[in-house]
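Read off the chains here:
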Amino acid sequence: MEPISVILWNNLSLLLGIEEQVCIRRRISFLVESLFIKHQGFRVFSSGSRAERLSIIGSDVDMMGGKNSNILRHTKSKSQEDLFLPSLQFRDLIVNILSNGIPGAYAHGPCATYQAPLEVEADILVCLACKSWPRNALEWIHRDRPNGWPSPNLVQEIVQDGCFLVPIGSPNSQESHIEWRISCSIAEKKLVHSFNHTQFLCYGLLKLFQKHVINSNLHVKNLLCSYFLKTSLFYCIEEENIAWNEENFLHCFWTCIRRLLKWVRDEYCPNYFIKDNNMFEGKVCGINSKILFNHLFELYNDGLDSLQLIPYVHNFKLTTGITTNRFSISNEMREYLCDMELLIQTLDIGNYDCNGLKKLNDIIIQMLQETTDSIGRVFLNLWYLNNTCYIVPFVYMDIQTTITQKQRYRQILGLKQFIKDNCLVGDISTGMLMLATLCYLNGEYKEVIIISQKIIKKFKSHTFYVGHVRPIVFDHPYISKMCGKHMTLNQKLAHGIFARHFICLIDHKFYPQEIETELVHHSNLRTVYIPPVVYCNVLLCLSYYHMECRNRMRDTLKELYITAVDDRFIAEQERPLANDLLQRCLQICEN
């Protein structure tokens, strides 16, 4: 069993993240939350598996925030001379407020849920921060911990953070509309961040097992949530006398499943912080618990065969050079994985106005002066460059309100210089595409052609397109050309190692108006993500059209067709947009 444990441990590391990648995610998580506190004035943080830096395909995004607000005045009710906040009324008011800025947002449990860009489900939860640790969780503070986990310092840190009050009541209560749930999300995140790598991978395997194996039985699909499995892991780390290492990995995993089996048999799942709280109450009981127990017991007896039902486990290839040696992943591969992790983490800029982006950049500069570690500095630098690029559409929109042509001409020149001075570093496409778009909107088609051709030439075999998260490619040219050369990431950036998608903000009109219908059709929250090579060819095609260079236009259409079916610089979910843009350019050419 030991060799299989190590093989599984290695492969899950490649799927869920090697230790260095997980450290990068945790460090960036801390920086982002610190930045939001300084920028927004209140605490906004991610929760759930992504916050715990567990990148599983299909994971949704959960955002939580706690703030005192005038909202509270509108939700207070009077009952027996006591003021209280009805949780349901508070939740509905929050959803209504958020839906004004996020069309399509709807109530889902205590959250407002919406379809975020890049086809990701996102939950926003506005809750109330409580500085005190819950009285009914005092036992957790003084609990006997034979394994020394969590450490006394971590326990003290968690207690000082307090908790949150979430606007949802017990489903079994007749007064659920006024009840609030105690949430220890920050505590849970800190506990997960304290895991060693084996514990982290065990958490990931438990979630995969629940999603693809346990839930394969329709009779029990909605009985077990991943939170129950995480609770089992917490208790096992705290109480079980086992070695959490790669050689013992499968034993660790099945220990968690055995504890879960006992809970299902007893119909009692104790909350990790409040043992008296049975999380199975009203759900895993009676006939449900018997069906679930039989299903889990069968899976447990099947052992490795049941694990093979997980697609990612079933598809593991041992021909990649991964052996039972923990250090079999080459240093070049580790460098590749860490570089990609840093680049991918800088994608999102959020929905800010121009002043908001400038304020954010001021805070980033301040944080750069305070940050000493290399990961933090590289990440903040990349985020600064990203934000700076997306100031351009806001400035362009303001220029359109200029009264005289002379003033507008001067402001366009100033914006061009701003792009050249601040945006032509970092990735190989965004800043230059900003410049090309500005030239196109100003009727400078020859300049558009020169810039677009430069961008296309910059795309090499080792260029990594981070418009979407791709599976690990063991023979990616980036590894042989860029890794193991003792180069910093900033030095690699000078060699054109990555490109972002081009973000179009529909309301700012910073794109060719000829393709507006297609962009609006594919927009989400008035935002469209376009693969850079596709957008380059669209700009070229439209520029040749205005210059009446029909042969050049036809040649570009051929290139656009090739790009639309090439999977190197386009994601599967981006293909419908690419095809529609191709059809629109064909239509313009025929006309």
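Reading the values: rules and limits
- Residues numbered from 1 in each chain as written.
- Predicted model: local features only at pLDDT ≥ 70, side-chain atom pairs only at ≥ 80, totals over all residues.
- Heavy atoms only, no water.
- Helix = DSSP H or I, 4+ residues; strand = E, 2+ residues; numbered from the N terminus.
- Buried < 20%, exposed > 50% of the residue type's maximum accessible area, 1.4 Å probe, protein only.
- Contact = heavy atoms within 4.5 Å.
- Areas by Shrake-Rupley, 256 points an atom, 1.4 Å probe, with all protein chains shown as cover.
- Disulfide = S-S within 2.5 Å.
- Arc of directions from axis to C-beta.
- Phe/Tyr/Trp six-rings, centres within 6.5 Å; stacked < 30°, edge-to-face > 60°.
- Lys NZ or Arg CZ within 6 Å of the ring centre and 35° of its normal.
- Pairing = 2+ DSSP bridges.
- Patch = residues over 30% accessible without salt bridge, like charges linked within 9 Å, V, L, I, M, F, W, Y side chains within 5 Å.
- Salt bridge = Lys/Arg side-chain N within 4 Å of Asp/Glu carboxyl O.
- Axes fitted to C-alpha atoms, helices over the stretch in contact; angles between N-to-C directions.
- Parallel < 35°, antiparallel > 145°, perpendicular 65-115°, else oblique.
- Left-handed = near helix turned anticlockwise from the far one by under 90°.
- Nonpolar A, V, L, I, M, F, W, Y, C, P; charged D, E, K, R; others polar.
- Lys, Arg positive; Asp, Glu negative; His and termini not counted.
- Charge placed at Lys NZ, Arg CZ, Asp CG, Glu CD.
- Polar contact = N/O pair within 3.5 Å; in protein donor to acceptor, adjacent residues only side chain to side chain.

Engineer: Please clarify how the overall build of the protein should be interpreted in this entry.
Structural biologist: Across its full length, the protein carries 27 helices and 13 strands. When the 591 residues of the protein are sorted by exposure, 52% land in the buried category. For the protein, restricting intrachain contacts to residue pairs at least 6 apart in sequence, the fraction spanning at least 24 positions comes to 70%. When the accessible area of the protein is evaluated, it comes to approximately 27900 Å², of which 51% is carbon and sulfur surface.

Engineer: How should the state of the cysteines be read in this particular structure?
Structural biologist: A covalent bond between the sulfur atoms of two cysteines is what we call a disulfide. The full count for this structure, using the stated rule, is 0 disulfides. With no disulfide of its own, Cys 338 has Cys 23 as its nearest cysteine by sulfur position, at a separation of 8.8 Å. Assessed through its relative accessible area of 16%, Cys 338 is described here as buried.

Engineer: Before we go on, may I ask you to explain unusual backbone geometry in this structure?
Structural biologist: A cis amide bond links Trp 149 with the next residue in sequence, Pro 150, at an omega value of -10°. For Pro 150, the position within the fold is in the loop between helix 6 (138-141) and helix 7 (152-161). The phi dihedral of Glu 267 is positive, around 55°, even though this residue is not glycine. You can see Glu 267 is positioned in the loop between helix 11 (249-266) and helix 12 (287-302).

Engineer: When you look at helix 7 in this model, what are you seeing that I'm missing?
Structural biologist: The α-helix winds at 3.6 residues per turn, so residues separated by three or four positions along the chain end up facing the same way. Here helix 7 has its buried residues at Leu 154, Val 155, Ile 158 and Val 159. Buried positions in helix 7, seen along its axis, are confined to an arc of 135° and lie on one side of it. Facing away from the buried side of helix 7, by more than 90 degrees, are the exposed residues Pro 152, Asn 153 and Gln 160. Buried residues in helix 7 make contact with helix 6 and helix 8 (185-193).

Engineer: Help me understand the packing of aromatic side chains in this model?
Structural biologist: Aromatic rings in a pair are described by how distant their centres are and how their planes are angled relative to each other. For the coordinates displayed, the defined rule picks out 26 aromatic pairs. Geometrically, the ring pair formed by Phe 209 and Trp 254 is edge-to-face, given 6.1 Å between the ring centres and 85° between the ring planes. A residue pair is termed long-range when its members are at least 10 positions apart, and Phe 209 in helix 9 (residues 197-212) and Trp 254 in helix 11 qualify at 45 residues. The pair Phe 209 / Trp 254 is uniform in exposure class, with both members buried. Measuring from centroid to centroid gives 5.6 Å for Trp 254 and Tyr 300, while their planes differ by 80°, and the two rings are edge-to-face. One end of the pair, Trp 254, is in helix 11; the other, Tyr 300, is in helix 12, and 46 residues separate them in sequence. According to the relative accessible area criterion, Tyr 300 is partly exposed, its value standing at 24%. Through pairs of rings, three or more aromatic residues link up here, namely Trp 133, Trp 140, Trp 149, Phe 195, Tyr 203, Phe 234, Tyr 235, Trp 263, Tyr 272 and Phe 273. We note Arg 143 situated over the ring of Tyr 272; from NZ or CZ to the ring centre the distance is 5.2 Å. Over the ring of Trp 140 we find Arg 145, and its NZ or CZ is 4.8 Å from the ring centre.

Engineer: Just to check I follow, could you spell out the pairing of strand 13 (residues 527-530) for this structure?
Structural biologist: It is a general feature of regular strands that their side chains alternate between the two faces of the sheet. Going residue by residue along strand 13, you find Thr 527 and Tyr 529 tucked away on one face and Val 528 and Ile 530 tucked away on the opposite face as well. As defined by bridge partners, strand 12 (residues 502-505) adjoins strand 13 across 4 bridges and the pair is classed as antiparallel. Looking across to strand 13, one finds that Leu 505 is bridged to Thr 527.

Engineer: Where do I start with the environment of Met 434 in this structure?
Structural biologist: Structurally, Met 434 can be placed in helix 20 (residues 430-441). Take Met 434: its relative accessible area is 0%, and that puts it in the buried class. Remark: the alpha-carbon pair of Met 434 and Cys 389, spanning 45 residues in sequence, is separated by 7.5 Å. Beyond its immediate sequence surroundings of up to four residues, Met 434 is in contact with Cys 389, Tyr 390, Val 392, Pro 393, Ile 419, Phe 502 and Phe 510.

Engineer: What am I meant to see in a nonpolar patch on the surface here?
Structural biologist: Residues Tyr 561, Ile 562 and Val 565 make up a contiguous nonpolar surface patch of roughly 310 Å² in combined accessible area. The class of Ile 562 is partly exposed, set by a relative accessible area of 45%.

Engineer: Would you take a moment to explain the packing of helix 21 (residues 445-458) against helix 25 (residues 532-546) for this structure?
Structural biologist: Packed helices, taken two at a time, are described by the angle their axes make and the gap between the axes. Packing of helix 21 against helix 25 leaves a shortest axis separation of 9 Å and a crossing angle of 150°. By the angle between their directions, the pair helix 21 and helix 25 is classed as roughly antiparallel. Classified by chirality, the crossing of helix 25 by helix 21 is left-handed. Taken together, the residues of helix 25 that come into contact with helix 21 (itself represented by Tyr 445, Val 448, Ile 449, Ser 452, Gln 453, Ile 455 and Ile 456) are Cys 536, Asn 537, Leu 539, Leu 540, Ser 543, Tyr 544 and His 546. For the contact of helix 21 with helix 25, the class distribution of residues is 9 nonpolar, 5 polar and no charged.

Engineer: How should I be thinking about a positive patch on the surface in this particular structure?
Structural biologist: A surface patch of like charges, here positive, comprises Lys 454, Lys 457, Lys 458 and Lys 460. Structurally, Lys 460 is set in the loop between helix 21 and strand 10 (464-465).

Engineer: How do you make sense of the environment of Val 126 when you look at a structure like this?
Structural biologist: By the secondary structure assignment, Val 126 is in strand 7 (residues 120-130). The exposure class assigned to Val 126 is partly exposed, which follows from its relative accessible area of 25%. On a C-alpha basis, the gap between Val 126 and Pro 110 in space is 8.4 Å, while along the polypeptide they are 16 residues apart.

Engineer: Explain the side chain of Asn 278 to me, please; I cannot follow it from the model alone.
Structural biologist: Checked against the element boundaries, Asn 278 lands in the loop between helix 11 and helix 12. Of the residues examined, Asn 278 reaches a relative accessible area of 14% and is grouped as buried. Within the structure, Asn 278 has its side chain in polar contact with the backbone nitrogen of Phe 280 (distance 3.0 Å). Those residues in contact with Asn 278 that lie beyond four places of it in its chain are Glu 267, Tyr 268 and Cys 269.

Engineer: Can you walk me through the side chain of Gln 21 in this structure?
Structural biologist: Relative to the helices and strands, Gln 21 is located in helix 2 (residues 19-40). Overall, the relative accessible area of 6% leaves Gln 21 in the buried class. Setting aside residues no more than four positions away along its own chain, Gln 21 makes contact with Ser 13, Leu 337, Cys 338 and Glu 341.

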